[in-house]
Amino acid sequence: QADTAMYKAKESGRSGFHFYRSEMQQFATERLKMEKALHHALERDELYLVYQPQVNGQGELIGFESLVRWLSPELGPISPAEFIPIAEETGLIAPLGEWVLMEACRQLRTWQQVVGLPASFKSLAVNISPFQFSREDFVEQIQYVIDSTGVDAAQLDLEITEGMLVENIKAVAAKMYALQHRGIRFSIDDFGTGYSSLRYLQHLPLDQLKIDQSFIRDITEDPNSYEIINTIISMAKHMKLSVIAEGVETNFEENILSSIGCHRFQGFYFSKPLDKHTATQCLIEKKRFPLQLNEVSTTS
Ligand code: C2E
Ligand code: MG
Ligand code: MG
Ligand code: MG
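Residues numbered from 1 in each chain as written. Chains lettered and ligands numbered in written order. Predicted model: local features only at pLDDT ≥ 70, side-chain atom pairs only at ≥ 80, totals over all residues. Heavy atoms only, no water.

- For the protein, the name recorded in an unreviewed UniProt entry is Cyclic di-GMP phosphodiesterase Gmr, with Marinomonas gallaica as its organism.

Here is the structure:
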């Protein structure tokens, strides 16, 4: 009987192994397909940006975060959480990141010059990837985009992550100060999940911390998350930084956050990311968020 059990275990172990291997193969094939398709995505116009509202305590629009989307004709819609890392590893992030910056700044310039932005509006945020930021010509690249789009850079907010700040702090500071000089602001995305030294943070021209959504997710159940958020908020106050909560999904979460001093929000409770037409419409109609039920707009 023991023998039989052993035999069975081996069998299932083996088939488990085969299963595992074919999973791996399939994964590799899928990835290769995606890599190839991503090569063409830019030329074939398959990428576009959506804009997620950021609001104050009154529900007024204080900004948008631009988020890239890829609709591949062969593979369907693919999340940036999936293709941005691939773009990073393959170097495709260089042209992709440039395209995102250019497109976001073109849109911002249109809003600034043609549509008009409300007084509450502070900035359009653009995500910067580690590879982009580490490039020696990063400052020149941003300047090129600003100059060629004619955008007012004082309303441009670059989102970087803690990880980008730990290496070669001198070079990092030099880049950030050069861009701050042009009016650009910096936010730290996913704050609390990385390893940034508070001492470094103090010496960089930062404008805002974005509390990572994993803390917001747990705020109601996990006293630790609540305490971490509390600490981030009071630290931000000491450092004279703004703080915004991302991933706010309920009114309850908003209330807890504002009770501990966070008055900037981004998340599905207020609005999902909007396509550019809907975002523009919200500006024109000076919408407040969350939108009323009868005016819920197309989301993506
Ligand atoms: P992120 O910069 O932290 O962006 C926030 C992500 O959270 C977005 O996912 C957004 O749609 C999602 N989100 C917003 N509110 C909520 C909410 O209430 N609940 C939940 N569950 N999720 C919410 P998305 O658009 O899929 O982007 C994922 C990540 O991909 C981004 O995280 C960012 O790291 C990266 N990414 C997106 N667009 C770009 C880009 O243009 N350039 C670069 N380099 N990275 C980008
Ligand atoms: Mg972001
Ligand atoms: Mg984030
Ligand atoms: Mg993120």
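1. Side note on the packing of aromatic side chains
Next, step 1: For the structure shown, the criterion picks out eight aromatic pairs.
Next, step 2: Considering the side-chain rings of Y51 and F64, the 6.2 Å spacing of their centres and the 65° angle between planes classify their relative orientation as edge-to-face. Remark: F64 occurs in strand β2 (residues 61-72) and Y51 occurs in strand β1 (residues 47-56); sequence separation between them is 13 residues.
Next, step 3: With a relative accessible area of 0%, Y51 lands in the buried category.
Next, step 4: Taking the relative accessible area as the measure of exposure, F64 reaches 0% and is therefore buried.
Next, step 5: A cation over a ring is seen here: K175 above F133, with NZ or CZ 5.5 Å from the ring centre.
Next, step 6: When the ring centre of F268 is taken as origin, the NZ or CZ atom of K272, which lies over that ring, is 4.9 Å away. (Phe/Tyr/Trp six-rings, centres within 6.5 Å; stacked < 30°, edge-to-face > 60°. Helix = DSSP H or I, 4+ residues; strand = E, 2+ residues; numbered from the N terminus. Buried < 20%, exposed > 50% of the residue type's maximum accessible area, 1.4 Å probe, protein only. Lys NZ or Arg CZ within 6 Å of the ring centre and 35° of its normal.)

2. As for the site of ligand 1
Next, step 1: Residues in close proximity to ligand 1 total 21 residues, the closest being R69, N127, D189, E249 and F268.
Next, step 2: Within the side chain of D190, one N or O atom sits 3.1 Å away from an oxygen atom of ligand 1.
Next, step 3: Computed on the free molecule, ligand 1 has an accessible area of 800 Å², of which 82% lies beneath the protein chains in the complex.
Next, step 4: Here ligand 1 is seated within the largest pocket.
Next, step 5: Only β2, α2 (80-90) and β6 (185-191) provide two or more residues apiece to the shell around ligand 1.
Next, step 6: In terms of residues, the shell around ligand 1 owes the most to one element, β2, which gives four residues.
Next, step 7: Looking at the shell around ligand 1, its residues break down into eight nonpolar, six polar and seven charged. (Near = heavy atom within 4 Å. Polar contact = N/O pair within 3.5 Å; in protein donor to acceptor, adjacent residues only side chain to side chain. Areas by Shrake-Rupley, 256 points an atom, 1.4 Å probe, with all protein chains shown as cover. 1 Å grid on protein atoms, 1.4 Å probe; cavity = no way out; pocket = protein on both sides within 12 Å on 5 of 7 lines; lining within 4 Å. Sits in = over half its atoms within 2 Å of the grid points. Nonpolar A, V, L, I, M, F, W, Y, C, P; charged D, E, K, R; others polar.)

3. Overview of the coordination of the magnesium ion (ligand 2)
Next, step 1: Each protein donor to the magnesium ion (ligand 2) is listed here as E65 (OE), N127 (OD1), E159 (OE) and D189 (OD); together their distances run 2.0 to 2.3 Å.
Next, step 2: Counting gaps between the donor residues of the magnesium ion (ligand 2) yields the pattern E-x61-N-x31-E-x29-D. (Donors = N, O, S within 2.8 Å, 3.2 Å for Na, K, Ca; no water.)

4. What to know about empty space enclosed by the protein
Empty space left among the atoms is revealed by rolling a probe the size of a water molecule over them.
Next, step 1: Within the structure shown, the criterion is met by one cavity of 30 Å³ or more.
Next, step 2: Approximately 70 Å³ is the volume attributed to the largest cavity.
Next, step 3: Lining of the largest cavity is provided by Q54, I62, K122, S123, D157, R185, D207, Q208, I244 and R264.
Next, step 4: When the residues that make up the lining of the largest cavity are grouped by side-chain class, the tally is two nonpolar, three polar and five charged. (Points joined across faces, edges and corners; volume = space filled by probe spheres on them.)

5. Focus: the coordination of the magnesium ion (ligand 3)
Next, step 1: Within the protein, D189 (OD), D190 (OD), E246 (OE) and E246 (OE) serve as the donor atoms for the magnesium ion (ligand 3), at 2.0 to 2.6 Å.
Next, step 2: For the magnesium ion (ligand 3), the donor residues sit on a single chain with the sequence spacing D-D-x55-E.
Next, step 3: A spacing of 4.1 Å is found between the magnesium ion (ligand 3) and the magnesium ion (ligand 2), which share D189 as a donor.
Next, step 4: Relative accessible area serves as the criterion here: at 9%, D189 is assigned to the buried category.
Next, step 5: With relative accessibility at 27%, the residue D190 sits in the partly exposed group.

6. Some details on the layout of surface pockets
Next, step 1: Volume-wise, the largest pocket comes out at about 920 Å³.
Next, step 2: Around the largest pocket sit 41 residues that line it, and E65, L67, P80, N127 and D189 are the ones nearest its centre.
Next, step 3: When its residues are assigned to classes, the lining of the largest pocket shows 18 nonpolar, twelve polar and eleven charged.
Next, step 4: Counted as a void, the second largest pocket has a volume near 210 Å³.
Next, step 5: Residue lining of the second largest pocket: P130, F133, S134, G163, M164, E167, N168, A171, V172 and K175, and that is the complete set.
Next, step 6: Counting only elements with at least two residues in the lining of the second largest pocket, the list comes to α4 (130-134) and α6 (169-181).

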